[in-house]
Amino acid sequence: MSELALTAKDFKSDQEVRWCPGCGDYAILAAVQSFMPELGLAREKIVFISGIGCAARFPYYMQTYGMHSIHGRAPAIATGLAVSRPDLSVWVVSGDGDALSIGGNHLIHALRRNVNLKLLLFNNRIYGLTKGQYSPTSGQGKVSGSTPLGSVDYPFNPLALALGAGATFVARALDIDKPGLTDVLRRAAAHKGAAFVEVFQNCNIYNDGEFDYIREDKDARTYLAQGEAFGETGIVHDESDFATAFALAQLSWEKDGVVPLGVFRDVQRDSYDELVNAQLANAGGDGDLQALVGSGDTWTIG
Amino acid sequence: MGAKPVEQLESVVIRFAGDSGDGMQLTGGRFSSETALSGNDLATFPDFPAEIRAPAGSLPGVSGFQLHFADHDILTPGDRPDVLVAMNPAALKTNLPDLPVGGTLIVDTDAFTDRNLKKAGYDASPLEDGSLGAYQVHAVPLTGMTVGALKDIEGVTAREAERAKNMFALGLMSWLYGRPIESTLEFLQTKFAKRPEIAAANVKAFNTGYAFGETSEAFSVQYEVKPAKLAPGRYRQITGNVALSYGLIAASKLSELPLFLGAYPITPASSILEELAKHKSFGVRTFQAEDEIAAAGAALGASFGGGLGVTTSAGPGVVLKSETVGLAVALELPLVVIDVQRAGPSTGMPTKPEQGDLLMVLFGRNSESPVPVLAASTPGDCFHAAIEAARVALTYRTPVYLLSDAYLANGSEPWQIPDISALEPIEVEFARAVEGETFLPYHRDPETLARPWAVPGTPGLEHRVGGLEKANETGNVSYDPENHDLMTQLRAQKVAGIAVGDQPVDHQEGADVLVLSWGGTYGPVHAGVRRVRAAGGKVAHAHLRWLNPFPRNLGDVLRSYDRVLVPEMNLGQLSRLVRAQYLVDAVGYNRVTGKPFKAGEIADAVEALL
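Because the structure is predicted, anything quoted here is derived from the model rather than measured. One numbering rule holds for all chains: residues counted from 1, following each sequence as written. Written order decides the labels, with chains lettered from A and ligands numbered from 1. In keeping with the model being predicted, local features are shown solely for residues with a pLDDT of at least 70 and side-chain atom pairs are shown and tallied solely at 80 or more, while totals for entire chains, interfaces and linings include all residues.

1. Digging into the overall build of chain A
Along the backbone of chain A there are 11 helices and 11 strands. Dimensions of chain A, computed from C-alpha atoms along their principal axes, come out at roughly 85 × 50 × 45 Å. Buried means a residue has 20 or more other C-beta atoms within 10 Å of its own C-beta, exposed means 12 or fewer, and partly exposed covers the counts in between; C-beta atoms are placed from the backbone. Relative to its 302 residues, chain A shows a buried fraction of 50%. By definition, residue pairs are in contact when their C-beta atoms, positioned from the backbone, come within 7 Å. By sequence separation, contacts in chain A at least 24 residues apart represent 66% of the contacts at least 6 residues apart. Secondary structure elements follow DSSP: runs of H or I no shorter than four residues count as helices, runs of E no shorter than two count as strands, and numbering proceeds from the N terminus.

The following block contains the structure:
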């Protein structure tokens, strides 16, 4: 790692960052760029893949390989890359509309398969790039451009969804909480298989203040610690226990006055690319094509 | 009793028809294999319903397998059967209209029960009411004879014995046409290796059927069809989907790039996924995705990583892939998209062929989004078409559509086994960083207009690609009006400039009518052309492999004939294109029945223009 001697600056591309001034994405970008040297990988070994939306511009700003792809499809595209190139560190950046609405199917299947991807979901609970429609994580009653009388939809709980899909790593962080976010990125990067990270991210234009209870008040940020009781809940955290993680994922500020940050679940299971490539390795890689095309019943003329 | 007299035939068309559960596809497949080993030329047409087991004995549940074999080169599975084997009343009812007067009919009398007759809509048994008087009927109690023959084999239930009746029928037909039977006996032993009693039952049923033909007075002659004079070489039978799978593996080997297939199960393309999944020793990764979209996306992801990304589907799945194909157009990365066309719209008739997707693959994307399109012409040609699709995708860094159809996918023909070492390598060069030079991801090769393929892991070439419009050369996001116009032109020029070779024409001296066809209709269209010629008519035939771009000489070819007939299994998609592009008054022959064209109808359409 030290041989590479990379710094955050090495991961900044020459492209001008064009999120709205004050957007939470800036803080996340800075945290990710600062964390990247810790991976100990050369820049060419890292790939960021995104879908569509504000968050999806992320790859343009990273001096790594990157692809800004199609709305919702990043996990699918990244799956093809990760399984065929296990030497790469593949990161997916998405938003709540991208990952949970149009791309919900790809997300749950990438998690189910345990593809070796680091999936970052920037959750601002609003459609920003299309100028302020409610999203699948907006709370019921949300007044937005497309819900003038308030949304009647029940929202997704992204962590519960990921857990339900069989994710082996599930965590939550806050955009401006650099130490907390970095801790979670570190754990996600170290995890073998799919790592799902929800990042609470403030959209200061269309949904400002959504997470002010912890953005504004550092003391209200409550972190999960393995083997320790979480806050007043009395739940002793166990990252390997599904029910514990699921119970903790249900806590909300509105209902419980506390929202856990940190790693909810971290269990080891063979990753998809390992299993696929093990089958390939077992097959030997010495297929004889001439024998294959001439297999079965054959006959000779002349 | 002496051997029966042997009568020589030049060609025979046999159709096996029965219930979906009667094993007609297996029976037809085995008879085809025996026939291939006899050295005949052959063509097959499996025709089955989408329902796996439609209600037994019902009309929609009838499954058929037609086989044409000859002592000469043939092109189609035959317009009409000479011999119909009908395993029940429903099979008789649905297939009899195709049997010409005087044709041979073999029926299982045991299946003609009151209940089955009623299900097929017969008031009285056609075996008894004289309605089959125009045919040579062989009424054989197939089921009863099969069950009787198997009663002493231990461990075989009555139901299992009854199910072996298809092997009785196969044995009988194998005798009737003097087929070599060893391969079928071996096949049965292997197929039922885990249940020796079932293997024994099927072998016994087969042998009993064979002996019945030999001894029964119902069959007074045996037929012989001499081997065909095909080009010298080693042959095997192959279906389009297997040939296509082998072609993709060959392309991977020729380009030295790992093959990645993203697919979602869909009729009639699934067997490509299943075939490729068997061949991991060739480094093939198959990914059964959560949906058609992910299948295409993962393939594109693999291409981004420096692999040969392929996705396979049929029309209803291809529509879902169009956004990924659009992204591949913008990214200018290789992607092979295979559309095994079936009858539509929507779910349509999943097991039946059509050519209705041509305009969709050409134009079914947002904005100006040019994609090369080629089509396979015969089952065996699917091998070469797959290599060609990959070659163009890799050389020009573009998505490529390869069109096949349900007829090519499942139909089989003798295939001259290719010499792999004689196939031309596919040269692929990844970009490398050059000291002191800024990497330009959209700097084009002056000849092909392809951009560099810089795969992740290459030091110094870190760059970002995406669906947003890119500045020429740098690839940075650009909203510059002139740049967008330039990039749109460049993408179009790249595809228009793909080297596809001149269009060959099977010309006939004095012909002023040209038949222009494409894709899976090659066999029946060319057979129709031969018929016209045999009757003294003069007609030329050109069969297109490339639909985009068209061969550069196509306009000259079309304009050198007075009339152009375009037969298509759609409402006139190619004819619309050539009319628009070349201003020729092409006339269509358009039918969408879900069945392949018959040579006869093509000949009639040509005759009408002469």
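2. What about the packing of helix 1 (residues 24-37) of chain B against helix 6 (residues 165-176) of chain B?
Residues and elements named next belong to chain B. Direction vectors running N to C along helix 1 and helix 6 enclose 25°, while the axes themselves pass 10 Å from each other. One way to sum up the angle between helix 1 and helix 6 is to call them roughly parallel. As helix 1 runs across helix 6, the sense of the crossing is right-handed. Only N166, A169, L170, M173 and S174 of helix 6 make contact with helix 1, whose side of the interface consists of M24, L26, T27, R30, F31 and E34. Broken down by class, the residue content of the contact of helix 1 with helix 6 amounts to 6 nonpolar, 3 polar and 2 charged. Axis lines are fitted through C-alpha atoms, for helices just across the contact stretch, and the angle between N-to-C directions can take any value from 0 to 180 degrees. Just so you know how the angles are binned, under 35 degrees is roughly parallel, over 145 roughly antiparallel, 65 to 115 roughly perpendicular, and the rest oblique. Note on convention: near helix rotated counterclockwise from far helix by under a right angle means a left-handed crossing. Clockwise means right-handed. Residues are grouped as follows: nonpolar covers Ala, Val, Leu, Ile, Met, Phe, Trp, Tyr, Cys and Pro; charged covers Asp, Glu, Lys and Arg; every other residue, Gly included, is treated as polar.

3. Comments concerning the sheet that holds strand 19 (residues 540-544) of chain B
All names here are of chain B. An order of 19-18-21-22 is seen for the 4 strands of this open sheet, with the pairing classed as parallel. Each of the sheet's edge strands pairs with one partner strand only, and the pair in question is strand 19 and strand 22 (587-590). Neighbouring strand axes in the sheet, compared pairwise and without regard to direction, differ in orientation by 25° on average. Following DSSP output, two strands are said to pair if at least two bridges run between them. Relative to strand 21 (residues 563-568), strand 18 (residues 513-518) is paired through 3 bridges, and the arrangement is parallel. Considered in strand 21, the bridge of V515 is made with L565. On top of the sheet, helix 17 (residues 522-534) reaches strand 18, strand 19 and strand 21; it is set at about 165° to strand 18, its chief contact. Helix-sheet contacts for helix 20 (residues 599-609) involve strand 18, strand 21 and strand 22, and the interaxial angle to strand 21 is about 160°.

4. Remarks on the sheet that holds strand 10 (residues 259-263) of chain B
The strands making up a sheet associate through backbone hydrogen bonding, with each pair oriented either parallel or antiparallel. Residues and elements named next belong to chain B. Strand order across the open sheet formed by 7 strands is 11-10-12-13-15-14-20, with mixed pairing between neighbours. Edge positions in the sheet fall to strand 11 (285-288) and strand 20 (546-548), since each of these pairs with one other strand and no more. Taken over all neighbouring pairs, the strand axes of this sheet differ in orientation by 20° on average, direction set aside. Where strand 10 lies against strand 12 (residues 308-313), 5 bridges are found, and the strand directions are parallel. Paired with F260 across the bridge in strand 12 is G309. In the packing of helix 10 (residues 270-277) onto the sheet, the strands contacted are strand 10, strand 11, strand 12 and strand 13 (335-341), and the crossing angle to strand 11 comes to about 140°.

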